[in-house]
Amino acid sequence: MSSARPRGSDRRSNRSSTFLTCVAAVSTFAGSALADGFPQPGQIGFEEGVTSVANEAHFFHDWILLPIITVITLFVLGLLAYVMIKFNERSNPDASQVTHNTTLEVAWTVLPVMILVIIAIPSFRLLTHQVVVPPADVTLKATGKQWYWTYSYPPDEGGGFEFDSYMKPEESLAEGDIRLLSVDNEAVVPLGKTVRLLVTAADVIHSFTVPAFGIRIDAVPGRMNETWFKAERVGTYYGQCSKLCGKDHAYMPIAVKVVSPEDYAAWLAEAKKKFAAADLAPVRVADFDAHLVGQR
Ligand SMILES: [Cu+2]
């Protein structure tokens, strides 16, 4: 039936509604990342930040780097196309012998320098915000080990315990768990409080990374690295070790649970009892060897 076929304008509106559906789908995907703190299939772009540093890094990428890169790329592409069309052998058989142009050479040196200076200002501001740790409310120490993380809470802040955080194996995943990301014991931090994060390792170099917090910091044996974050939304945020550290590098995820300060106080009291057996002595390589011996 010809009357049932969509006419031109209908087809166009169908096409535009398909486009809008795609946009909606993409923004829904992006939206789902916002709430979940972990990536899902089909998403593009960054996981939404829940700290000021992550948001600043995303702004820097989206509104400073990306536009500049786009303009430069299109400009160079345009120049290449112009040269190929205008100065190929057929359309320009007698090539000009001019080799230098002072004005042009000064311009193509000074302009990139100016662009770099423009980028440097927000870049250094972001770097300063990342590196300078503000007065902290809570301290959390993460120690990378082959292949899990140990979280320590200092005694002078109501802690005095530490615990290991292992990835949940696939066969023990419960409803709501995320494959390769969920762990048996999550690190817990309070909402809206500045957390000083101390990061080290007990065996090889690992890297502590949580995209939603905008943090990635190397965990180096014998060295204590420091960074910070202040989470602005309750939820569980995931990351992964980001330094090739051995055969189970892919299986030592990071899960940080952000809870209200009241819930945090309650968790602290409970965790203190639960993990009381663990001593807070510095991690010794001998412990790791003993662990290996135990496995043999
Ligand atoms: Cu690792």
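This structure is a prediction, so every number in the text was calculated from the model and none was measured.

**Here we look at the overall build of the protein chain**
- Within the protein chain, the secondary structure is distributed over 5 helices and 10 strands.
- Split into buried and exposed, the 296 residues of the protein chain put 22% on the buried side.
- Pairs at least 24 apart in sequence give 65% of the contacts found in the protein chain among residues at least 6 apart.

**Concerning the environment of Ile118**
- For Ile118, the location among the structural elements is in helix 3 (residues 102-131).
- For Ile118, a count of 12 C-beta atoms within 10 Å translates into the label exposed.
- When the C-alpha atoms of Ile118 and Ile64 are compared, they prove to be 9.1 Å apart, with 54 residues separating the residues in sequence.

**Concerning the environment of Val256**
- On the secondary structure map, Val256 appears in strand 10 (residues 253-259).
- Note: C-alpha distance between Val256 and Phe213 (43 residues apart in sequence) is 9.9 Å.
- Those residues in contact with Val256, other than ones at most four positions away along the chain, are Glu186, Ala187, Val189, Val210 and Tyr237.

**Focus on the sheet that holds strand 9 (residues 235-240)**
- Within the open sheet, the 3 strands sit side by side as 4-10-9. Their pairing is mixed. Looking at which strands have only one partner, the edges of the open sheet turn out to be strand 4 (187-190) and strand 9. If you compare each strand with its neighbour and ignore which way they point, the axes differ by 25 degrees on average.
- As defined by bridge partners, strand 4 adjoins strand 10 across 4 bridges and the pair is classed as parallel. Directly across from Val188, in strand 10, lies its bridge partner Lys257.
- Most of the contacts of helix 4 (residues 261-274) go to strand 4, to which it runs at about 140 degrees, and overall it touches strand 4 and strand 10.

**Structural notes on the sheet that holds strand 8 (residues 225-229)**
- Pairing is mixed across the open sheet formed by 5 strands, whose spatial order is 3-2-1-5-8. Two strands close off the open sheet at either side, each with one partner strand: strand 3 (161-165) and strand 8. Each neighbouring strand pair of the sheet contributes to a mean axis angle of 25 degrees, computed without reference to strand direction.
- As paired elements, strand 1 (residues 138-145) and strand 5 (residues 195-201) share 7 bridges and run parallel to each other. Counted as the bridge partner of Thr143 is Thr200 from strand 5.

**Concerning the packing of helix 2 (residues 52-86) against helix 3**
- Closest axis-to-axis distance for the helix 2/helix 3 pair is 10 Å, and the angle between their directions is 170 degrees. Taken together, the axes of helix 2 and helix 3 are roughly antiparallel relative to one another. On helix 3, the residues touching Val53, Glu56, Ala57, Phe60, Ile64 and Ile68 of helix 2 are Ile115, Ile119, Pro122, Ser123, Leu126, His129 and Gln130.
- Here the residues of the contact of helix 2 with helix 3 are counted per class, giving 9 nonpolar, 3 polar and 1 charged.

**Some remarks on unusual backbone geometry**
- In this chain, Gln146 is followed by Trp147 through a cis amide linkage whose omega measures 0 degrees.
- If you trace the backbone, Trp147 turns up in the loop between strand 1 and strand 2 (148-153).
- Here the phi dihedral of Leu180 falls at roughly 70 degrees; this positive angle occurs in a residue that is not glycine.
- With respect to the element layout, Leu180 can be found in the loop between strand 3 and strand 4.

**Re helix 2**
- Look at helix 2: 49 Å from first C-alpha to last across 35 residues, which is about the 51 Å you get at 1.5 Å a residue.
- Where helix 2 bends most, the angle comes to about 35 degrees, and this point is Leu65, followed within four residues by the proline Pro67.
- Of all 35 residues making up helix 2, only 1 are buried, and the element is barely covered by its neighbours.

**What to know about helix 3**
- Given a rise of 1.5 Å per residue, 30 residues ought to cover 44 Å, and the 42 Å separating the end C-alpha atoms of helix 3 matches this to within 8%.
- Of all bends in helix 3, the biggest is about 30 degrees, found at Ala120, and the proline Pro122 comes one to four residues later.
- Within helix 3, only 0 of the 30 residues are buried, which leaves the element largely exposed.

**Quick notes on the environment of Val132**
- You can see Val132 is positioned in the loop between helix 3 and strand 1.
- A residue is classified by how many C-beta atoms lie within 10 Å of it, and Val132, with 8 of them, is exposed.
- For the pair Val132 and Trp228, spaced 96 residues apart in the sequence, the C-alpha separation amounts to 8.5 Å.

The rules we used
- Residues numbered from 1 in each chain as written.
- Predicted model: local features only at pLDDT ≥ 70, side-chain atom pairs only at ≥ 80, totals over all residues.
- Helix = DSSP H or I, 4+ residues; strand = E, 2+ residues; numbered from the N terminus.
- Buried ≥ 20, exposed ≤ 12 C-beta atoms within 10 Å, placed from the backbone.
- Contact = placed C-beta atoms within 7 Å.
- Pairing = 2+ DSSP bridges.
- Axes fitted to C-alpha atoms, helices over the stretch in contact; angles between N-to-C directions.
- Parallel < 35°, antiparallel > 145°, perpendicular 65-115°, else oblique.
- Nonpolar A, V, L, I, M, F, W, Y, C, P; charged D, E, K, R; others polar.
- Expected span 1.5 Å × (residues − 1).
- Bend = angle between axes of the 7 residues up to and from the residue.

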